[in-house]
Amino acid sequence: MLDADGIISEMETYCAQNTRPAFPVVIIKGDGVWVEDLEGNRYLDMFSSFSTLNFGHRHPKIIAAMERQLKEITLTSRAFYNDKLGPFSKHVCEISGFDMVLPMTTGTEAIETAIKLARKWGYRKKGVKQNMAEIIVCENNYHGASTTIAGFSSDPRISQDYGPFSSGFKKIPFNNAEALEEAIRANTVAFLVEPIQAESGIIVPKQGYLKEVRQICSRNDVLLILDEIQTGLGRTGRLFAFQHEGIVPDILVLGKALGGGILPTSAVLAPREIMSLYTHGTHGSTFGGNPLACAVADAALSVIAEEGLVENARQMGEYLMHQLGKMKTGKVRELRGKGLLLALEIKKTAGNVRPLCEKLLKLGVLVKAKGDQTIRLAPPLIISKEQLDWAIQGIEQVLES
Ligand SMILES: *Cc1c(COP(=O)(O)O)cnc(C)c1O
């Protein structure tokens, strides 16, 4: 059997180096909030695979739902009916308050689906001239990696050398409602935005931003598309981040945690009059709405309610923020975030954050740096106070040394 170095070198030889793992640690097991490496070291997962493992690793109820479904049928494609797509669709519509859902596979694919839907709405309902529809997006967004989406990224690593890109997107600063108002034209069909910009460092807009954005969109007949792929399903201490401001988007995009930490599963939700614009044969995905993913997602949604994960995320998030705020260290520049989607930013004078992440790893706390100064803290929403205390103690030890 290969050791860790052997496994890493095999992977680096045969697998594209489009991304680089943070540490030379090979994870081979996961259970709840814990993962284990090849040598049997255990780590508390404070990263959750980009805030995807809301239920922790291999949640027993979700695994059981998957195992049951594996014995029945896994794929029918949408060419035929299956018995799991209906219950899942009803469930996700009921908890979100939308009329209809379009099931997809990855987050990127769901964003593409929302973009196409908004454009179609623009041509069919708003009366925008063919091929003239414009969608406003924010600087420093992260909505995925397709050519269209990469084309409106502010990050050159994501966009450089991948053009030509789709036209029809206009970028404005995030957290600036005035900029939205000014950017809207007669051919603007939608504003696509994350309630909290997660990948650019957990950037929380000022209170009232989403509410203002909602009003501006409504007043100008522009659809508000919220990308809640990362913030949705309890992560921020509400089931959906838009609930913090008491608004409702026109189109809601979910992904990541929707697959229960097991399968890529995403969804676009919209009112019936908008979603009905997708008619037979006008948009599709081979794996979208497959019975295995639907059974898993349905179980995942049930777990959120049954185990009070939204409330736990809220309480544990406040606790984590409070405890970290009390640390006697001069190294912290800012603590920000909502629920269990937090960022700890270190002062430049305290150096790069990476050595701190390595020290935390040695103590058994798995975190990932964002840039040079920030550590993202996003444990599974099932985390207990005792487990969190253990992680906090490690963070304190590392930051106070
Ligand atoms: C992860 C993410 C995406 C892309 O999802 P994939 O499943 O990786 O395609 C889009 N938007 C946000 C906010 C994300 O966090």
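You'll find the structure just up there.
Values in this document were obtained by computation on a predicted structure and should not be read as measured data.

**Q** I keep staring at the pairing of strand β10 (residues 266-270) and nothing clicks. Help me out?
**A** A regular strand places its side chains on the two faces of the sheet in alternate fashion. Within β10, five of the five residues are buried, leaving the element largely enclosed by the surrounding structure. Neither face of β10 is left uncovered, since the one carrying S266, V268 and A270 and the one carrying A267 and L269 both have all their residues buried. Pairing of strand β4 (residues 100-104) with β10, which is carried by five bridges, proceeds in the antiparallel orientation. Along β10, the bridge assignment pairs V101 with L269. Of the strand pairs in this sheet, strand β9 (residues 251-254) and β10 are connected by three bridges, and their pairing is antiparallel.

**Q** Would you take a moment to explain the side chain of T105 for this structure?
**A** Looking at the secondary structure, you find T105 in the loop between β4 and α5 (107-126). We classify T105 as buried; its relative accessible area is 16%. Those residues in contact with T105 that sit more than four places away from it in its chain are P264, T265, S266, S285, F287 and G288.

**Q** Can you walk me through the site of the ligand in this structure?
**A** Every residue close to the ligand is listed here: T106, G107, T108, Y142, H143, G144, E194, D227, I229, Q230 and K256. Backbone polar atom of Y142 to a nitrogen atom of the ligand: 3.2 Å apart, as the coordinates give it. Between the ligand and K256 there is a distance of 2.6 Å, counted from an oxygen atom to a side-chain nitrogen or oxygen. Protein chains bury 83% of the 380 Å² of accessible surface belonging to the ligand in isolation. Each residue belonging to the shell around the ligand can be placed in one class, and the counts come to two nonpolar, six polar and three charged.

**Q** Even after reading the chapter, I still don't get the environment of L38, so can you show me in this structure?
**A** In this structure, L38 sits in the loop between β2 (34-37) and β3 (42-45). Classification of L38 as partly exposed rests on a relative accessible area of 22%. Along the backbone, L38 and D3 are 35 residues apart, and their C-alpha atoms lie at a distance of 7.7 Å. Setting aside anything within four residues of it in sequence, one finds L38 in contact with M1, L2, D3, A4, I7, V26 and I28.

**Q** Help me understand the sheet that holds strand β7 (residues 188-193) in this model?
**A** Backbone-to-backbone hydrogen bonds join strands into a sheet, with any given pair of strands oriented parallel or antiparallel. The strand order across the open sheet formed by seven strands is β4-β10-β9-β8-β7-β5-β6, and the pairing between neighbours is mixed. The strands lining the two open edges of the sheet, one partner per strand, are β4 and β6 (169-172). When the angles between neighbouring strand axes are averaged without regard to direction, this sheet yields 20°. Sheet topology places strand β5 (residues 134-138) next to β6; four bridges connect them, and they run parallel. Its bridge partner lying in β6, C138 is registered against I172.

**Q** Looking at this structure, how should I read the pattern of salt bridges?
**A** Here the idea is simple: oppositely charged side chains can pair when their charged atoms come close. Taken as a whole, this structure holds 17 salt bridges when the rule is applied. Across the pair R336 and E334 runs a salt bridge whose closest N-O atoms are separated by 2.7 Å. A residue is classified by how much of its surface remains accessible, and R336, at 12% relative accessible area, is buried. The partly exposed category is assigned to E334, whose relative accessible area is 34%. Where E345 meets R336, a salt bridge forms, and the shortest distance between an N and an O atom there is 2.7 Å. In this structure, a network of salt bridges that share partners links the residues R333, E334, R336 and E345.

**Q** For this particular structure, what's the right way to read the nonpolar core?
**A** Across soluble globular proteins, nonpolar side chains have a tendency to be buried as a group. Ranked by internal contacts, the top residues of the largest apolar core, which has 85 residues, are M46, L180, F191, Y209, L320 and L377. Sort the elements by how many residues they give to this core and helix α11 (residues 291-306) lands first, with eight residues. Leaving out residues up to four positions away in the same chain, Y209 has contacts with C138, F174, N175, N176, A177, F191, V193 and E245.

**Q** Would you take a moment to explain the sheet that holds strand β14 (residues 368-370) for this structure?
**A** Read from one edge to the other, the open sheet built from four strands follows the order β11-β12-β15-β14, with strand pairing classed as antiparallel. In the strand order of this sheet, the two ends are held by β11 (332-338) and β14, each with one partner. Taken over all neighbouring pairs, the strand axes of this sheet differ in orientation by 30° on average, direction set aside. Where β11 lies against strand β12 (residues 341-346), six bridges are found, and the strand directions are antiparallel. Each bridged residue has a counterpart across the sheet, and for L335 the counterpart in β12 is L344. In the packing of helix α12 (residues 309-325) onto the sheet, the strands contacted are β11, β12 and β15 (374-377), and the crossing angle to β11 comes to about 170°.

**Q** Is there a simple way to think about helix α13 (residues 354-363) in this case?
**A** Residues three or four positions apart in an α-helix share a direction because the helix packs 3.6 residues into each turn. Inspection of α13 places L356, C357, L360 and L361 among the buried residues, and these make up the whole buried set. Seen end-on, α13 carries its buried residues on one side only, within an arc spanning 145°. Where α13 ends, the next residue or the one after it, G364, has phi of about 95°, a positive value.

**Q** What should I look at first to understand empty space enclosed by the protein in this one?
**A** A probe matching the size of a water molecule, rolled over the atoms, marks out where space remains unfilled. Enumeration according to the criterion identifies two cavities of 30 Å³ or more in this entry. A volume near 70 Å³ is recorded for the largest cavity. Looking at the lining of the largest cavity, its residues break down into six nonpolar, two polar and three charged. In this structure, the second largest cavity occupies an estimated 40 Å³ of space.

**Q** Help me understand the packing of helix α4 (residues 85-96) against α11, please; the structure alone is not making it clear to me.
**A** Any two packed helices are characterised by how steeply their axes cross, that is the angle between the axes, and by the distance between the axes. Running from amino to carboxyl end, α4 crosses α11 at an angle of 35°, the nearest separation of the two axes being 9 Å. As for the relative orientation of α4 and α11, their crossing is left-handed in sense. Residues L85, P87, F88, H91, V92 and I95 of α4 lie in contact with α11, whose contacting residues are C294, A297, D298, L301 and S302. Here the contact of α4 with α11 is composed, by residue class, of eight nonpolar, two polar and one charged.

Thresholds, definitions, all that
- Residues numbered from 1 in each chain as written.
- Predicted model: local features only at pLDDT ≥ 70, side-chain atom pairs only at ≥ 80, totals over all residues.
- Heavy atoms only, no water.
- Buried < 20%, exposed > 50% of the residue type's maximum accessible area, 1.4 Å probe, protein only.
- Helix = DSSP H or I, 4+ residues; strand = E, 2+ residues; numbered from the N terminus.
- Pairing = 2+ DSSP bridges.
- Contact = heavy atoms within 4.5 Å.
- Near = heavy atom within 4 Å.
- Polar contact = N/O pair within 3.5 Å; in protein donor to acceptor, adjacent residues only side chain to side chain.
- Areas by Shrake-Rupley, 256 points an atom, 1.4 Å probe, with all protein chains shown as cover.
- Nonpolar A, V, L, I, M, F, W, Y, C, P; charged D, E, K, R; others polar.
- Axes fitted to C-alpha atoms, helices over the stretch in contact; angles between N-to-C directions.
- Salt bridge = Lys/Arg side-chain N within 4 Å of Asp/Glu carboxyl O.
- Core = buried A, V, L, I, M, F, W, Y, C linked by side-chain atoms within 4.5 Å.
- Arc of directions from axis to C-beta.
- 1 Å grid on protein atoms, 1.4 Å probe; cavity = no way out; pocket = protein on both sides within 12 Å on 5 of 7 lines; lining within 4 Å.
- Points joined across faces, edges and corners; volume = space filled by probe spheres on them.
- Left-handed = near helix turned anticlockwise from the far one by under 90°.

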